[in-house]
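# Analysis of the macromolecular model
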Amino acid sequence: MRFQYDGGEQFTFNQQLFFRKKLLGAGAFGEVFLFETENTGEHYAVKCETPQNNRYVFGFYFEREASWYEKMYGIGFLSGDPRHEKAPHYILLPYFEGKSLYHVSCPSLRQVIFNWVWAAVAVDTLHTQHCAVHGDVKTDNCITGNTVRLIDFNFTTTVDHYRPIGFHQQDQNILYHQPPELFTKNAVRQRAAFPQDVYSLG
């Protein structure tokens, strides 16, 4: 299947017409919108790249992320050429009902433990089934409903491969969920290892 989208109010996928309904969230790389069909209620999310100095420089990140969504959830299609910086890139993603853990208020300690355990299960699934490190485990990137699902695979990396970016020492207090051993004076890229996600989860 192919996914082609130009940033408009609708697109066709799998012989169905999907319409943009609402903004789901935004981050450093782009915005995510909910799209639905008018009649069947089928829905997907679409991540839309935002420009950096009038250029679209995250094409290869979007391509990597689409690949990880496909591995994890069976849906992850890129629209746009990752080599081109003059046009935005888009990813068709699964849509998960629920909220990010960042926006959830837990009425009891039992609910806190439930959410944490299911987040740990999601991380462990990525580790054991795909031998990969998420690289950005935080409450914003965990969607809770009947279970917890990981989202945002921009930094996901196969174990023992180099992570896509390095971290500056001065950013350690801002990126508090990243383990301290990643931060170096010259932002040297580090190899992905399971304990990095474990630190972030804790």
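The following refers to the structure shown. (Residues numbered from 1 in each chain as written. Predicted model: local features only at pLDDT ≥ 70, side-chain atom pairs only at ≥ 80, totals over all residues. Heavy atoms only, no water.)

## What to know about the pairing of strand β6 (residues 90–93)
One face of the sheet, then the other: side chains in a regular strand alternate in exactly this way. The alternating pattern of β6 places Y90 and L92 on one face and I91 and L93 on the opposite face, and all of these are buried. Taken together, the 3 bridges between strand β5 (residues 77–79) and β6 define a ladder with antiparallel strand orientation. Within β6, the position partnered with F77 by the bridge is L92. (Buried < 20%, exposed > 50% of the residue type's maximum accessible area, 1.4 Å probe, protein only. Helix = DSSP H or I, 4+ residues; strand = E, 2+ residues; numbered from the N terminus. Pairing = 2+ DSSP bridges.)

## Let's talk about the sheet that holds strand β3 (residues 30–36)
Hydrogen bonds between backbone groups are what pair the strands of a sheet, and the pairing can be parallel or antiparallel. If you trace the 6 strands from one edge of the open sheet to the other, you get β1-β2-β3-β4-β6-β5, paired in antiparallel fashion. The strands lining the two open edges of the sheet, one partner per strand, are β1 (10–13) and β5. On average, each strand axis in the sheet is inclined to that of its neighbour by 35°, with strand direction left out of account. (Axes fitted to C-alpha atoms, helices over the stretch in contact; angles between N-to-C directions.)

## Topic: the environment of L101
Of note, L101 is situated in the loop between β7 (99–100) and α2 (109–130). Residue classification places L101 among the buried positions, given a relative accessible area of 16%.

## Structural notes on the side chain of N115
Here N115 is to be found in helix α2. Beyond its immediate sequence surroundings of up to four residues, N115 is in contact with L101, V104, C106, T144 and V148. (Contact = heavy atoms within 4.5 Å.)

## Considering the packing of α2 against helix α3 (residues 194–201)
Relative to each other, α2 and α3 sit at 170°, their axes nearing to 11 Å. In terms of orientation, α2 and α3 fall into the roughly antiparallel class. As for the relative orientation of α2 and α3, their crossing is right-handed in sense. Residues W116, A119, A120, V123 and H127 of α2 pack against F194, D197 and L201 of α3. Taken together, the residues that form the contact of α2 with α3 break down as 6 nonpolar, 1 polar and 1 charged. (Parallel < 35°, antiparallel > 145°, perpendicular 65-115°, else oblique. Left-handed = near helix turned anticlockwise from the far one by under 90°. Nonpolar A, V, L, I, M, F, W, Y, C, P; charged D, E, K, R; others polar.)

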